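This is what each chain is made of:
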Amino acid sequence: MLRFLFRRILGSLVILVLLTVVAFLLFFGMPRDPALLMCGKTCTPDALANIHHTLGLDKSIPEQYWIFLQGLVVGRDNFPQGPCPAPCFGYSYHTNEAVWSTLMDRLPLTLSLAFGATILFLFVGLGTGLLAAWKRGTLVDKSFTAGSMVISSMQIYFLGPLALAILVYQAHIFDEPKYTSLTDNPAAWFTGLLIPWAVLSTIFAAQYTRMARSAMIEQLQEEHVRTARAKGMARQYVFFRYAWRGSLIPIITILGIDLSSLLGGAIITEYTFGLPGLGRLAVESVQFSDLPLLLGVMIFSAAAILLCNIIVDACYAFIDPRVRLS
């Protein structure tokens, strides 16, 4: 097991390095000069040449990439704004703040949004999916299946403004969504993110309802489940002891992908509700042509995806003994 995880971590590090190469080439493949963006409107040729020399832009691309990689590992001290400790992605062209500190400032909101929504859509989606499989062919099954298909066809940019219009501006049940640190005020943290959680989890819950139902029905047809039923075991025991455990494998696979995408920034959700998370930061970096910030968001999101994939692979061994033995 440890050897398997070591191989996966090593492979993920190689992939991450290759991603930094691609991101770096895209960064310097832009038609606009990065130094010109940093220099500002009152830029002079001498100031532009000084920025080129300070940032190492007058060097070859392989040398620039090596300097960039060194910055990620040990930091850099040749920026006009001052030293940049590792992991150093440079300084934002728009705010002149360190990219890494900006990412860390936005990360708590994205983490809160991702994990809160994940708990909701797993509880609702898996619960309704299991109930639909348990009541297969009945009115309950047909209602949950039809409802999940209708809801999954909706989008966040439709449900979000609709929820705001009804729950906030008309009924005045909730205040406008906003982020408050969990350590500062847990109650305000919960109420401020409740509507974004509900909207985001509604879309995902509909997908997990159909997925859990189909995976559970497939598992109920497996030979070991049918053998357990033939031995006289109770239906509830077979359902949760054998079939439920086997149906988790495809669900966890998709969960790893969805969770990693949420950790990388729920762009539409954050922009719909005006929440300053990583997703909104990515959009702002594109709007302001803030290349260091965009590069930092790209690499951070890629690292989150790789980390979630490693966690998913580790979970396989605890769920399915066949994976652990192989």
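Model, not experiment: these values are computed from the prediction.

K.L.:
Tell me what's going on with the overall build of the chain, and back it up with residues and numbers.
P.N.:
Check the secondary structure of the chain and you find 14 helices and zero strands. Its helices and strands in sequence order give the chain the pattern α-α-α-α-α-α-α-α-α-α-α-α-α-α, from N to C terminus. Counting over 326 residues, the chain shows a buried share of 43%. Of the contacts made within the chain by residues no fewer than 6 positions apart, 66% connect residues no fewer than 24 positions apart. Total accessible area computed for the chain in this model is approximately 17,800 Å², and 66% of it derives from carbon and sulfur atoms. Of the side chains in the chain, 23 bear a positive and 20 a negative charge, and the two mean positions are spaced by 17 Å.

K.L.:
Report on a nonpolar patch on the surface, specifying residues and quantitative values.
P.N.:
Together, Tyr-157, Phe-158, Leu-162, Ile-166, Ile-267 and Ile-268 make up a nonpolar patch on the protein surface, roughly 570 Å² of accessible area in all. Counting only elements with at least two residues in the nonpolar patch, the list comes to α7 (156–170) and α11 (267–272). Per-element tally for the nonpolar patch: the top contributor is α7, with four residues. Classification of Phe-158 as partly exposed rests on a relative accessible area of 45%.

K.L.:
Talk me through the packing of aromatic side chains; I want residue IDs and the actual numbers.
P.N.:
Evaluation of the coordinates by the stated rule reveals seven aromatic pairs. On the basis of an interplanar angle of 75 degrees and a centroid distance of 5.1 Å, the ring pair of Trp-189 and Trp-197 is categorised as edge-to-face. In this pair, the class of Trp-189 matches that of Trp-197, namely buried. When the ring of Phe-190 is compared with that of Trp-197, the centres are 5.7 Å apart and the planes differ by 65 degrees; the resulting orientation is edge-to-face. Given a relative accessible area of 4%, Trp-197 falls into the buried group. An aromatic cluster is present here, built from Phe-89, Trp-100 and Phe-300 joined pairwise through their rings.

K.L.:
Quick rundown of the nonpolar core? Include the residues and the values.
P.N.:
Among soluble globular proteins, nonpolar side chains are generally buried collectively. Judged by nonpolar contacts, the single largest core of 33 residues is most densely connected at Phe-121, Val-199, Leu-200, Tyr-208 and Leu-262. Sorting the residues of this core by element identifies α5 (99–134), α7, α8 (186–220), α10 (235–263) and α13 (291–319) as the ones contributing at least two each. Beyond its immediate chain neighbours, meaning those up to four positions away, Tyr-208 contacts Phe-121, Leu-122, Gly-125, Leu-126, Ile-251, Ile-254, Leu-255 and Asp-258.

K.L.:
I'd like a description of the pattern of salt bridges, backed by residues and values.
P.N.:
Two side chains with opposite charge may pair up if their charged atoms get near one another. Overall, the coordinates contain three salt bridges when judged by the stated rule. Close ionic contact of Asp-141 with Arg-213 constitutes a salt bridge, the shortest N to O distance being 2.6 Å. Of this pair, Asp-141 sits in helix α6 (residues 139–152) while Arg-213 sits in helix α8, placing them 72 residues apart in sequence. Asp-141 gets classed as buried once you look at its relative accessible area, which sits at 3%. In this structure Arg-213 comes out as partly exposed when scored by relative accessible area, which is 22%.

K.L.:
Talk me through the environment of Leu-16; I want residue IDs and the actual numbers.
P.N.:
Examined against the element boundaries, Leu-16 turns out to sit in helix α1 (residues 2–28). Between the C-alpha atom of Leu-16 and that of Leu-306, which follows or precedes it by 290 residues, the distance is 8.0 Å. For Leu-16, the contacting residues outside a window of four places in its chain are Ile-299, Ala-302, Ala-303 and Leu-306.

K.L.:
Go over the packing of α7 against α8 with me, naming the residues and quoting the values.
P.N.:
Contact geometry for α7 and α8: axes closest at 10 Å, N-to-C directions at 140 degrees. Considered as vectors, α7 and α8 are oriented oblique to each other. As for the relative orientation of α7 and α8, their crossing is right-handed in sense. Contact with α7, carried on its side by Ile-156, Leu-159, Gly-160, Ala-163, Leu-167 and Val-168, involves Ile-195, Val-199, Leu-200, Thr-202 and Ile-203 of α8 and no other residues of that element.

K.L.:
Talk me through the side chain of Thr-180; I want residue IDs and the actual numbers.
P.N.:
Secondary-structure assignment places Thr-180 in the loop between α7 and α8. The exposure class assigned to Thr-180 is buried, which follows from its relative accessible area of 19%.

K.L.:
I'd like a description of unusual backbone geometry, backed by residues and values.
P.N.:
The residue after Ala-86, namely Pro-87, is reached through a cis peptide bond having omega -5 degrees. Mapped onto the secondary structure, Pro-87 falls in the loop between α4 (61–74) and α5. Positive phi values are uncommon outside glycine, yet Asn-96 reaches one of about 60 degrees. Structurally, Asn-96 is set in the loop between α4 and α5.

K.L.:
Break down the environment of Gly-129 for me, citing the residues and quoting the values.
P.N.:
Within the fold, Gly-129 resides in helix α5. Here Gly-129 falls in the buried class, since its relative accessible area comes to 0%. Counting along the chain gives 79 residues from Gly-129 to Tyr-208, while the straight-line C-alpha distance between them is 7.1 Å. Non-local contacts of Gly-129, meaning those with residues more than four positions away in its chain, are made with Thr-209, Ala-212 and Arg-213.

K.L.:
Would you mind going over α6 in detail, with residue names and values included?
P.N.:
Its 14 residues give α6 an end-to-end C-alpha distance of 20 Å, which sits within 8% of 20 Å, the value for a rise of 1.5 Å per residue. Buried residues of α6: Asp-141, Ser-148 and Ser-152, and no others. Viewed end-on, α6 has its buried residues packed into an arc of 40 degrees, placing them on one side of the element. For α6, exposure combined with an orientation more than 90 degrees from the buried face picks out Leu-139 and Lys-142. Where the residues of α6 are buried, they touch α5 and α8.

Rules behind the numbers
- Residues numbered from 1 in each chain as written.
- Predicted model: local features only at pLDDT ≥ 70, side-chain atom pairs only at ≥ 80, totals over all residues.
- Heavy atoms only, no water.
- Helix = DSSP H or I, 4+ residues; strand = E, 2+ residues; numbered from the N terminus.
- Buried < 20%, exposed > 50% of the residue type's maximum accessible area, 1.4 Å probe, protein only.
- Contact = heavy atoms within 4.5 Å.
- Areas by Shrake-Rupley, 256 points an atom, 1.4 Å probe, with all protein chains shown as cover.
- Lys, Arg positive; Asp, Glu negative; His and termini not counted.
- Charge placed at Lys NZ, Arg CZ, Asp CG, Glu CD.
- Patch = residues over 30% accessible without salt bridge, like charges linked within 9 Å, V, L, I, M, F, W, Y side chains within 5 Å.
- Salt bridge = Lys/Arg side-chain N within 4 Å of Asp/Glu carboxyl O.
- Phe/Tyr/Trp six-rings, centres within 6.5 Å; stacked < 30°, edge-to-face > 60°.
- Core = buried A, V, L, I, M, F, W, Y, C linked by side-chain atoms within 4.5 Å.
- Axes fitted to C-alpha atoms, helices over the stretch in contact; angles between N-to-C directions.
- Parallel < 35°, antiparallel > 145°, perpendicular 65-115°, else oblique.
- Left-handed = near helix turned anticlockwise from the far one by under 90°.
- Expected span 1.5 Å × (residues − 1).
- Arc of directions from axis to C-beta.

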